[in-house]
Amino acid sequence: MTAAIEIRNVSKSFGDTKAVIDLDLEVPTGSLCGFLGPNGAGKSTTIRMLMSIIHADSGSVQVLGTSALKAKDRIGYLPEERGVYRKMKVGGFVEYIGKLKGVRSSILRKRIDEWLERVELPEIRNRRCEELSKGMQQKVQFLAAIIHEPELIILDEPFSGLDPVNARVIGGIIDELHQQGRTILFSTHVLPQAEQICNRIIMIDEGKKVLDGTVNAIQAQFDPRIISVEPVDKNCDLSKIAGTTLVENTIKSNHLLLRLDDQIDATEVLRKIVQTTPVRGIKIVKPTLDEVFIEQVARRRGTKAADQIREELSNV
Ligand code: ADP
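Note that residues are indexed from 1 along each chain, following the sequence as it is written. In keeping with the predicted nature of the model, local features appear solely for residues at pLDDT of at least 70, side-chain atom pairs appear and are counted solely at 80 or more, and the whole-chain, interface and lining totals rest on all residues. Side-chain calculation: all heavy atoms of the structure are included, whereas hydrogens and water are not.

J.: Summarise the overall build of the protein; cite the residues concerned and give the values.
T.: A run of DSSP states H or I qualifies as a helix once it reaches four residues; a run of E qualifies as a strand once it reaches two. Both are numbered from the N-terminal end. In terms of regular secondary structure, the protein is built from 10 helices and 14 strands. With the principal axes as the frame, the protein shows a C-alpha extent of 70 × 45 × 35 Å. The buried label goes to any residue with under 20% of its type's maximum accessible area, the exposed label to any with over 50%, and the partly exposed label to all in between, with areas taken from a 1.4 Å probe on protein chains only. Across the 316 residues that make up the protein, the buried fraction comes to 49%. Surface summary for the protein: the accessible area is close to 15,500 Å², and the carbon and sulfur share equals 48%. Neither His nor the chain ends contribute to the count of charged residues, in which Lys and Arg are positive and Asp and Glu negative. The atoms used to mark charge sites are NZ of Lys, CZ of Arg, CG of Asp and CD of Glu. For the protein, the distance from the average position of its 44 positive side-chain charges to the average position of its 43 negative side-chain charges is 5 Å. Working definition of accessibility: Shrake-Rupley area with a 1.4 Å probe, residue cover restricted to the visible protein chains.

J.: Describe the site of the ligand, and please don't skip the residues or the numbers.
T.: The nearness test applies per residue and asks whether one of its heavy atoms lies within 4 Å of the molecule or strand. Around the ligand, a shell composed of F14, T17, A19, P38, N39, G40, A41, G42, K43, S44 and T45 is seen. One of the side-chain N or O atoms of T45 is found 2.6 Å from an oxygen atom in the ligand. In isolation the ligand has 560 Å² of accessible area, and contact with the protein removes 62% of it. Side-chain classes follow a simple rule in which Ala, Val, Leu, Ile, Met, Phe, Trp, Tyr, Cys and Pro form the nonpolar group, Asp, Glu, Lys and Arg form the charged group, and the remainder, Gly included, forms the polar group. Residues that form the shell around the ligand fall into these classes: four nonpolar, six polar and one charged. Between N or O atoms, a polar contact is any pair within 3.5 Å; within protein, one atom must be a potential hydrogen donor and the other a potential acceptor, and residues adjacent in sequence are included only when both atoms are from side chains.

J.: Any chance you could break down the packing of helix α4 (residues 134-146) against helix α5 (residues 164-179) for me, citing the residues and the numbers?
T.: Contact pair α4 / α5: the axes reach a minimum separation of 11 Å and the direction vectors enclose 10°. For the element pair α4 / α5, the angle class is roughly parallel. Across from K139, F142 and I146 in α4, the residues of α5 making contact are N166, V169, I170, I173, I174 and L177. For the contact of α4 with α5, the per-class residue count stands at seven nonpolar, one polar and one charged. In this analysis an axis means a line fitted to C-alpha atoms, helices contributing only their contacting stretch, and an angle means the value between N-to-C directions, from 0 to 180 degrees. Should an angle fall under 35 degrees it is called roughly parallel, over 145 degrees roughly antiparallel, and 65 to 115 degrees roughly perpendicular, with every other angle called oblique. Whether two residues are in contact is decided by their heavy atoms: any pair within 4.5 Å suffices.

J.: Before we move on, can you summarise the sheet that holds strand β2 (residues 17-28) with the specific residues and values?
T.: Strand pairing is assigned whenever DSSP detects at least two bridges linking the two strands. The strand order across the open sheet built from four strands is β2-β1-β4-β5, with neighbouring strands paired in antiparallel fashion. Since the sheet does not close on itself, it has two edges, and those belong to β2 and β5 (66-67), each with one partner. The sheet contact formed by strand β1 (residues 3-14) and β2 spans eight bridges and is antiparallel. Residue pairing in the sheet places F14 in a bridge with T17 of β2. Its contacts with the sheet put helix α1 (residues 43-50) on β1, β2 and β4 (58-63), and the angle it makes with β1 is roughly 120°.

What follows is the structure, given as structure tokens:
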């Protein structure tokens, strides 16, 4: 299958800051791909290059089989910095954006009504954008990104600023657009979200790709090094089980996670845990993307940097 996005050996710096370094990246046509990494990893910079807003210092960027610039009208783009035309009415704003992408007004009007229904905002067509809440504005901007029915949809942090209900609505639409065969790339630093909806993951850190593959394949690479325990006594001490490290940010939760050291037999550890404390449940689990990512950072940049990333991710 051809790739919807093909980035080869791309670098981009801003002054002394190397935002993207020798990046190779391929997004297969029809995939729903999460573009992950902590703040400052280089996600927005990469996306802006895909949208021809900025240009690579070196390397090549191909989108939908042509140059990024030529493909522009076939891409739907939700930028990280949100902005609707404040004085325009919602219907007028989305119609204006759709027309810029070459769709006729008569088609757009019907489509806009249907979409406003779909995002549970049927009553706002004639309201000025500035009258809407932040979450509503974001939904409107999301509609503006997809109203021309693009083949490729690029969303920069689509869930940031949305409450859980609205995030679910947008997540449902993203899934539906994917089912229709569109290619979707979305960036997020909230890894559990990506884990739920993506079938492919690309992770970058400090401008470099650190992981690329299906969610299952990535998890299998690190499988099965985590044990999840639900102890009867939440305050029990499992920090001294030989061959394991307690994942610190789970200590206050009902389920404690213990990471197995290399070469340690999981079954033996399970036995030791139940001998140490009564448990409601215990199982070997696939690592979360958070865990996988922290491990990657630890390998590349050492444990201090990994601890910092763990702290960042637990604050999301
Ligand atoms: P992410 O989207 O993963 O959070 P960015 O691509 O926004 O990361 O940023 C990558 C790095 O490049 C950061 O160090 C950021 O400060 C820097 N950067 C991004 N855009 C600019 C810019 N226009 N001018 C200067 N530095 C920038």
